[in-house]
Amino acid sequence: MKFRNIIWCLLAVLALASCKEEDDAVEEYANWQVTNDEYFSKLVWEVQQGFSSLPQQWVLYPCYTMPEVGYTLNYYDYVVAEKLEQGSGTTSPLLTDSVEVHYSGRLLPSASYPKGYQFDSSYAGTFDPVLATPSKFAVLGVVKGFSTALMNMHRGDHWRIYIPYQLAYGATARTAVPAYSTLIFDLRLEDFWRKTKGDRE
C-alpha cells in the first residue's frame with residue numbers, strides 16, 4: 001500500500017512538473033501575434049510622425065514587391081531602418097546581386113529574453129571587424145524585408161532593421177523563430193556584386 005502511495009505521489013509531481021514546463025512554453029510568447037502587430041504598427045507610426053528621440057536617422061522603406069499605383073501602404077508593408085553608421089558607397093545592390101554582410105538577428109523581448117532572443121548571427125559574441133567573416137548570399141535568397149533593406153543600403157552602411165512578420169516568415173514557425181515574429185537585425189553591408197555561378201561558395 002505504501003509503495004502504491006509513493007508511486008501516485010511521484011506521478012503527481014511529474015504531472016505538475018510537465019504542466020509547469022508547458023505553461024512556461026506558452027507564456028514565453030504569450031499573445032505573440034498581437035504583441036508583434038502592436039509593436040510594429042506603433043514603431044511605423046512614430047517614425048512617420050518623427051517622434052523618435054534617438055540621434056540616429058530613422059527611415060521607412062516600402063517592400064520592393066509593393067505595387068506603385070493604386071495601393072495604399074499598410075504599416076506591415078514597410079521595413080524600418082535605424083541608420084547607425086554611414087558607409088562610403090554610393091550604389092545599392094540589385095535583387096539579382098550577391099552580398100557580403102555581417103548580421104545578428106533577434107526577436108522582440110519575451111518572458112525569458114528581456115533583450116529579445118538571438119535566433120541567428122554571422123559572428124560569435126560581440127562583433128569584431130577584424131575577426132568576423134562576412135556571410136555571402138543572394139539578395140533574392142532571404143525574406144522580403146531583408147532584401148528590401150539590402151537594396152537600399154550602400155557599402156559600409158551599418159543599420160538596425162525591423163521587419164514585420166508579414167515580410168518575414170508570417171504565420172509559419174521556423175526552428176528558432178515563432179510564428180508572427182518581428183525580426184530585428186543588426187546589419188552591416190560589406191560588399192555586393194553581380195551574381196555569377198559559384199560566387200557564393
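Preceding this section is the structure that the text describes.
This section reports on the structure supplied with the text. (Residues numbered from 1 in each chain as written. Predicted model: local features only at pLDDT ≥ 70, side-chain atom pairs only at ≥ 80, totals over all residues. Heavy atoms only, no water.)

Secondary structure summary: the protein contains three helices and seven strands in total. Secondary structure elements of the protein, listed N to C terminal, follow the sequence α-α-β-β-β-β-β-α-β-β. By the burial criterion, 38% of the 201 residues in the protein qualify as buried. In the structure as shown, the protein presents an accessible area of about 12,200 Å², 54% of it carried by carbon and sulfur atoms. (Helix = DSSP H or I, 4+ residues; strand = E, 2+ residues; numbered from the N terminus. Buried < 20%, exposed > 50% of the residue type's maximum accessible area, 1.4 Å probe, protein only. Areas by Shrake-Rupley, 256 points an atom, 1.4 Å probe, with all protein chains shown as cover.)

Moving on, we get to the pairing of strand 3 (residues 97–106). Extensive coverage of strand 3 is indicated by the burial of eight of its 10 residues. In the sheet, strand 3 pairs with strand 7 (residues 183–194) via 10 bridges, with the strands oriented antiparallel. Bridge assignment links S104 to a residue of strand 7, and that residue is D186. Alignment of strand 3 against strand 5 (residues 135–138), held across four bridges, turns out to be antiparallel. Counterpart to V99 in the pairing with strand 5 is F137. With three bridges joining them, strand 3 and strand 4 (residues 118–121) adopt antiparallel strand pairing. Within strand 4, the residue paired with G105 across the bridge is D120. (Pairing = 2+ DSSP bridges.)

Now for unusual backbone geometry. Positive phi, normally seen in glycine, also occurs at N31, with a value near 50°. Positionally, N31 belongs in the loop between helix 1 (2–28) and helix 2 (32–49). Unlike most non-glycine residues, Y180 shows phi in positive territory, near 65°. Here Y180 shows up in the loop between strand 6 (158–163) and strand 7.

Counted under the stated rule, the structure contains five salt bridges. The partner of R188 in a salt bridge is E85, and the shortest N-O contact between them spans 3.7 Å. Pair noted here: R188 is in strand 7 and E85 is in strand 2 (residues 78–85), with a separation of 103 residues, a long-range link. Taken together, the shared-partner salt bridges in this structure form one network comprising E82, R160 and D186. (Salt bridge = Lys/Arg side-chain N within 4 Å of Asp/Glu carboxyl O.)

Okay, the packing of aromatic side chains next. Scanning the entire structure with this criterion turns up 12 aromatic pairs. Aromatic side chains Y29 and W32 sit 4.8 Å apart centroid to centroid with 65° between the ring planes, which places their arrangement in the edge-to-face category. Geometrically, the ring pair formed by W58 and Y162 is stacked, given 5.6 Å between the ring centres and 25° between the ring planes. Of this pair, W58 sits in strand 1 (residues 57–62) while Y162 sits in strand 6, and the two are 104 residues apart along the sequence. When sorted by exposure, W58 lands in the same class as Y162, which is buried. Put simply, the rings of Y103, F119, F137, F146 and F185 touch in pairs and so form one group of aromatic residues. Taking NZ or CZ as reference, R155 lies 4.0 Å from the ring centre of F192, over its face. (Phe/Tyr/Trp six-rings, centres within 6.5 Å; stacked < 30°, edge-to-face > 60°. Lys NZ or Arg CZ within 6 Å of the ring centre and 35° of its normal.)

So, on to helix 2. Across its 18 residues, helix 2 extends 26 Å between first and last C-alpha, which sits within 8% of the 26 Å expected from 1.5 Å per residue. Taken as a whole, helix 2 has its buried residues at W32, N36, D37, F40, L43, V44 and V47. The arc enclosing the buried residues of helix 2, seen along the axis, measures out at 140°, which places them on a common side. Of the exposed residues in helix 2, those oriented more than 90 degrees away from the buried face are E38 and K42. Looking one or two residues past helix 2, G50 carries a phi angle of roughly 70°, positive in sign. (Expected span 1.5 Å × (residues − 1). Arc of directions from axis to C-beta.)

Relative to the elements of secondary structure, S41 occurs in helix 2. C-alpha separation for the pair S41 and P164, spaced 123 residues apart in sequence, amounts to 9.0 Å. A polar side-chain atom of S41 sits 2.9 Å from the main-chain carbonyl oxygen of D37. (Polar contact = N/O pair within 3.5 Å; in protein donor to acceptor, adjacent residues only side chain to side chain.)

The values are spatial; any link to function lies outside them.
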